[in-house]
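Listed below are the residues making up each chain.
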Amino acid sequence: MEIEIDGKKADVPEGSTIMDAAQQLGAYIPHFCYHKKLSIAANCRMCLVQVEKAPKPLPACATPVTNGMKVFTHSPLAVKAQQGVMEFLLINHPLDCPICDQGGECQLQDLAVGYGGSASRFAEDKRVVFHKDVGPLISMQEMARCIHCTRCVRFGQEIAGVMELGMANRNVHSEITSFVGRSVDSELSGNMIDLCPVGALTSKPFRYSARSWELSRRRSISPHDSVGANLTVQIKNNVVKRVLPRENEEVNECWISDKDRFSYEALNSPARLANPMVRVDGALREVEWTVALDYVAHALRDIVADSGPDSLAFLGSPHSTLEELHLLQKLARGLGSGNIDFRPRRRDFSADGKLAGIPWLGLRFAEIQELDAALVVGSFLRKDHPLFAQRLRQLARKSGKVSLVSVTRDDPLINLHAQLAVAPADLPRALAAIVKAAAALSGGRAPAGLENVEPCAASEAIARSLLEGERRAIFLGNAVEQHPQAAEIHALASSLARLTSARYGFIGEAANSVGGYLAKALPTALNGYEMFAQPRRAYVLLGIEPELDCHDPQLARAALAQAALVVALTPFADGAQTEYADVLLPVAPFTETSGTFVNAEGRPQSFAGVVAPFGNARPGWKVLRVLGNLLALSGFDQTSSEQVRDELVPPGSLFVGGLDNGLKGGEVAVSVRRATAEGSLQRVADVPIHFADPLVRRAPALQMTRDAALPTARMSARTLGSIGVTDGVQVRVRQGSGEALLTARLDDTVPDGCVRVAAAHSSTAALGEMFGAINVERA
Amino acid sequence: MAILGAINPMLTVGLDGDRAWRLADYLTRGGYRALRRVLEGKMPQGEVINEVKKSVLRGRGGAGFPTGLKWSFMPRSFPGDKYVVCNSDEGEPGTFKDRDILRFNPHSVIEGMIIAGYAMGAGRGYNYIHGEIWEIYERFEEALDEARAAGFLGTNILGSGFDFDLFAHHGYGAYICGEETALLESIEGKKGQPRFKPPFPASFGLYGKPTTINNTETFASIPYIINLGGEAYLEAGKPNNGGTKLFSVSGHVNRPGNYEIPLGTPFATLLEMAGGMRGGRKLKGCIPGGSSAPVVPAAMMMDCTMDYDSISKAGSMLGSGAVIVMDETTCMVKALERLSYFYYEESCGQCTPCREGTNWLYKVVHRIENGKGRPDDLDLLASVTTNIMGRTICALGDAASMPVQSFIKHFRDEFAYHIENRKCLVPVDVQRAGSGFFTATV
């Protein structure tokens, strides 16, 4: 299709709109409602242009290109139409730019300069629109500013998958509102603030704290989930004021999750640790860095001399940078200890010796949209991986068949092809049924050990979807990685992938789940579970709070309590660590250090610090390097984080090498069985999105969302009945020696025989294993 | 019986008696004969459409688009679902003909829709009935039951192998749902807001499938076209304006109501049928095609014949055939204020020029009517209407603008007087004496 816009010619594919062609040519057509990621609404009418032979101006966003079409975007007819629309948009707009948060970054303000009149012809009373309260993140305080472009509405319907905002009423009384009294709870809701072309939807935490032109923009990478969303961090006076998405079509497109967006509040938290602290006579005292590091070096050396290097344990966080994890494992190995890990939520490590390479997503994020079918196993999709779930949502909207086999029937807001919810102990069996169905359908060979497994209709439907089409993939979620039979599920997924020619991989628990493997922060002796199950004398913790971040916090707390030395490298001075740690070393969070995260698709993304470290905090890699020097270990002579990184990732690599989800030693025989005794209840532990790491736990606005509600004991009606409890009753929940008092809640998305009790929250930190047996009784 | 008069009628023949709407009565009037002829005679689809083309039946809902041509746009060979939809969302002020067709002759609509479904290969139809005429909706449901029981709807109709089912769907009274794509959205259970076109319903209609939407009266005319033959139907009207049409006459006449006359009948004749001007007063102006049609001053109107072309020549539109008659006691500012209020209130609010513009128009006219007009208000109104017209998603913006433009064009003195003297040119007691269609307020 050939088109000419303002005299410039372009060839565009059939089905393109004038707007598409203009963008290809670099010609700007003013617009408000149009957004490349949203459906076409054509309601703002700002993009009206003149088309040759058309009697009326046509909206560029919605008018398909016809061959030989001639378009004039600045002809008198077009400009008059655009000016007319601008006048209409402004007559009821409050024009309160001086006190509007959007001032300076407002599309309406910008375009009004080009198309607006200098005085208004509108002499009537302006529209008044009542404000709405939709929760702690989005402010809808000045809804009279709204120009009804419906971007927020379409975002909810199309991207977030749930229509939480809509346009009520008609005519000039139309207003954007949530359903009566409801808040906006989508984990992607903050993107509506970015999409709003005016100051109607603004960021509640950011409001009135800075003007947009006072802010410096710095590039960064999200430290939260495994997508590695690209961020623009905006700062003023060395303080992070706001975080916005930085567009990267291959990673986060133009979105970020609310966790990525609002976790910055924790950076400015009063709980920040400003100086190193050492426990003296039972109390933590602030000391100089040199004192603290000398203390740690001597203490570690003494313990090694006293009880051998095996009495040390080193635990990093999957949210730590590649550089930090690399130096942490060097430190451990330099001291002679193999007790090093970065996977605190893992329970089953039996695959460790058999991994062919670094476990990863199995394909690039951008390839998801090309899939014909996808199966996700063991994931709280929306809350674990908001942006990854969004990609699957788009896939399902298009034509791909997305299925979900998990431990609850949570609604991922994806138009699913099939969904299975089983007790955690039955997760391997459920996957095995799909493997068996796939073998039967494809005529392939099922692995040994599945003789007693019977496929159901849903597993057959899933297997069939994986056998149709060209491209399919199997994704293993966090509940698989944390599962007591993780290796078995891994083997089953590998068999299913073989039978269906699908690709498979792990979605990844955190920002650096792949990076930790690359940094070899992996055990050669005790792993992340065993180092607490078999208590050590000394622990070095990097960016982690074991009482919240471990698979079995009960074990972790007990082990830490008995240790002679606990060194915590942490940005914060609060929480349980003030009880068990002997040394607190203030390390910089992601905004104050340079570093690298390797996302689930194996993409190393390096970033620089955007502000100076708080107080006397220092980048973690520097602290570890100096510790290495003080301990006279070799391999600690780097002078920049780049040097540390270059030891692992060749400069300039787009993706890291060695990614391979295969299992060595041929196909692993599986033995599908029930793990818990019949009759006892099993715990289903999710990691709620806003408790998942130390940063989000301390972000006040996120803590006010519905996703941060207090954990409850959620059970199906049948489970509730079996223990004689009803919805709303206080129950005593026990695992091992620990217990928690929770409210019982009826929730039929939880499989029978299971109790859903969230992990990562202080109220449940006394409990044990995430998927272990659990006892519930009326309190 | 609210069909008050007719000349050479078709649609309204034999509708006296309170059982006219029943199937039995319809059958004695020759009902479903056209359907039998089409189905039992195995009339090819193309031939049915050709007959309709030959009749030059023009859409009775307002736009006057040739029905046969519209039908030929449907991709007949498209393998999936296709729909025919009847637009009975008669919300235009002044229009009340479809209500009477459905009240007295619902089977003609059903028969017309079945034939349309056959001609376009559609297996399913919906009749969207205005929400404020509930009893008509209930009656139509009853008529559907009768038709189903008699085998005119359902599978294998009259043994022809053709399957068609028809459903009634009622709206809730929003004017915008009479816009065909808003109507489709409403049937789909969504907020009634027009869609941007293209794509047109013929390719992407109800539930995304090819759909043809016609007015109630259009469908009701189909059996008569099939029975008479297209050419005979055309001859009943005048060239390019086939057939007879129902006109809803309201306002300052002695016998307001529905009248069926051949297209091309002089306005004077219609006025006479409606009992002439009330109280023998003088005609001041007339809105010949429903409230969105431009007003035509008395002298021009008396020269018109009632057909698409003649009214168009007078600068207005035949529209839905709603003739609003205003006599000399009418204050044109007050009349326009009421019309502008309607369009402001009924704008769906989706697109900017209509949402903001209709409100602005009403506020300015309201101000003039209330004695707060300003000297440049009339130019402002003209400018606002040009900024609305042709810039909106649907035609409501145009519909709101045309009364404003035409009232000011033809009765500018009256508006200027109102602005300058802060009162009506037509004295208030005269207005009240008229006790007209538009009530005066003091």
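Keep in mind that this is a model prediction, so the values were computed, not measured.

Caption draft 1: Structural view of the overall build of chain A. Scanning chain A from N- to C-terminus turns up 23 helices and 33 strands. Against the globule reference of 28 Å for 779 residues, chain A gives a C-alpha radius of gyration of 28 Å, in line with a compact fold. The dimensions of chain A, computed from C-alpha atoms along their principal axes, are 90 × 65 × 55 Å. Within the span of chain A, comprising 779 residues, buried residues form 63% of the whole.

Caption draft 2: Local environment of the interface of chain B and chain A. The interface of chain B with chain A comprises 34 residues on the first partner and 37 residues on the second. Between chain B and chain A lies a buried interface of about 2,900 Å² when both sides are counted; carbon and sulfur atoms form 53% of it. Taken together, the connections running from chain B to chain A amount to four salt bridges. Our enumeration of links across chain B and chain A arrives at 19 residue pairs in polar contact (both at pLDDT 80 or more). For the side of chain B that touches chain A, the secondary-structure elements that each account for two or more residues are α14 (332-346), α15 (352-369) and α16 (377-388) of chain B.

Caption draft 3: A look at the layout of surface pockets. Looking at the second largest pocket, its volume works out to about 1,400 Å³. If you trace the second largest pocket, you find 37 residues lining it, with Ser39, Ile40, Gln157 and Glu158 of chain A together with Glu185 of chain B closest to the centre. Going through the elements one at a time, α4 (151-160), β8 (165-168) and β9 (175-178) of chain A are the ones with two or more residues in the lining of the second largest pocket. When grouped by side-chain class, the residues that make up the lining of the second largest pocket number 16 nonpolar, twelve polar and nine charged.

Caption draft 4: Summary view of the sheet that holds strand β10 (residues 296-297) of chain B. Residue and element names in this part refer to chain B. One open sheet accounts for six strands, arranged β1-β7-β6-β12-β9-β10; its pairing is mixed. Each having just a single partner strand, β1 (3-6) and β10 make up the two edges of the open sheet. Across two bridges, the pairing between strand β9 (residues 283-287) and β10 is antiparallel. Its bridge partner being in β10, Gly285 is matched across the sheet by Pro297.

Caption draft 5: The arrangement of the packing of aromatic side chains in detail. Applying the stated criterion across every chain, the model contains 24 aromatic pairs over all chains. Here the aromatic rings of Phe155 of chain A and Trp255 of chain A are separated by 5.1 Å at their centres, their planes lie at 65°, and the arrangement is edge-to-face. Highlighted residues: Phe155 of chain A in helix α4 and Trp255 of chain A in the loop between β13 (239-245) and α6 (258-262), separated in sequence by 100 residues. The two residues Phe155 of chain A and Trp255 of chain A agree in class, both being buried. Members of the aromatic cluster, each reached through a chain of ring pairs, are Tyr83, Tyr126, Phe167 and Tyr207 of chain B. Here Arg347 of chain A stacks its cationic end above the ring of Tyr529 of chain A, 3.8 Å away from the centre of that ring.

Caption draft 6: View of α16 of chain B. For α16 of chain B, with twelve residues, the first-to-last C-alpha span of 16 Å sits near the 16 Å given by 1.5 Å per residue. Listed in full, the buried residues belonging to α16 of chain B are Asp377, Leu378, Leu380, Leu381, Val384, Thr385, Asn387 and Ile388 of chain B. In this fold, the buried residues of α16 of chain B make contact with α2 (76-91) of chain A together with α15, α17 (396-410) and α18 (412-421) of chain B. Looking one or two places after α16 of chain B, you find Gly390 of chain B, whose phi comes out positive at around 75°.

Caption draft 7: Highlighting helix α7 (residues 134-149) of chain B. Residue and element names in this part refer to chain B. With 16 residues, α7 extends 23 Å from end C-alpha to end C-alpha; this agrees with the ideal 22 Å at 1.5 Å per step. If you check which residues of α7 are buried, you get Ile136, Tyr137, Phe140, Ala143, Leu144, Glu146 and Ala147. The inward-facing, buried residues of α7 contact α1 (23-28), α5 (97-104), α6 (106-120), β3 (124-129) and β4 (165-170). Positive backbone phi, approximately 85°, marks Gly151, located one or two places after α7.

Caption draft 8: Here's a closer look at the side chain of Ser403 of chain A. Turning to its location among the elements, Ser403 of chain A is positioned in strand β19 (residues 401-406). Setting aside residues up to four positions removed in sequence, Ser403 of chain A forms contacts with Ala374, Leu375, Val376, Leu416, His417, Ala418, Ile462 and Ser465 of chain A.

Caption draft 9: Representation of the confidence of the model for chain B. Mean pLDDT for chain B: 93, with 98% of residues reaching 70 or above. Quick note on the complex model: pTM equals 0.94, ipTM equals 0.93.

Caption draft 10: The pattern of salt bridges, seen in detail. All names here are of chain A. In the structure shown here, the tally under the stated rule is 74 salt bridges over all chains. Across the pair Glu175 and Lys132 runs a salt bridge, and its minimum N-O distance is 2.4 Å. One end of the pair, Glu175, is in strand β9; the other, Lys132, is in strand β6 (residues 132-133), and 43 residues separate them in sequence. A salt bridge links Glu250 to Arg603, with the nearest nitrogen and oxygen atoms 3.3 Å apart. Here Glu250, found in the loop between β13 and α6, pairs with Arg603, found in the loop between β26 (595-598) and β27 (604-607); they are 353 residues apart in sequence, far enough to count as distant. On the basis of relative accessibility, which here comes to 42%, the residue Glu250 falls in the partly exposed class. Judged by relative accessible area, Arg603 falls into the buried class, the value being 8%.

What counts, and where the lines are drawn
- Residues numbered from 1 in each chain as written.
- Chains lettered and ligands numbered in written order.
- Predicted model: local features only at pLDDT ≥ 70, side-chain atom pairs only at ≥ 80, totals over all residues.
- Heavy atoms only, no water.
- Helix = DSSP H or I, 4+ residues; strand = E, 2+ residues; numbered from the N terminus.
- Rg over C-alpha atoms; globule rule 2.2 N^0.38 Å.
- Buried < 20%, exposed > 50% of the residue type's maximum accessible area, 1.4 Å probe, protein only.
- Contact = heavy atoms within 4.5 Å.
- Buried area = accessible area lost by both parts, 1.4 Å probe.
- Salt bridge = Lys/Arg side-chain N within 4 Å of Asp/Glu carboxyl O.
- Polar contact = N/O pair within 3.5 Å; in protein donor to acceptor, adjacent residues only side chain to side chain.
- 1 Å grid on protein atoms, 1.4 Å probe; cavity = no way out; pocket = protein on both sides within 12 Å on 5 of 7 lines; lining within 4 Å.
- Points joined across faces, edges and corners; volume = space filled by probe spheres on them.
- Nonpolar A, V, L, I, M, F, W, Y, C, P; charged D, E, K, R; others polar.
- Pairing = 2+ DSSP bridges.
- Phe/Tyr/Trp six-rings, centres within 6.5 Å; stacked < 30°, edge-to-face > 60°.
- Lys NZ or Arg CZ within 6 Å of the ring centre and 35° of its normal.
- Expected span 1.5 Å × (residues − 1).
- pLDDT = per-residue confidence, 0-100.

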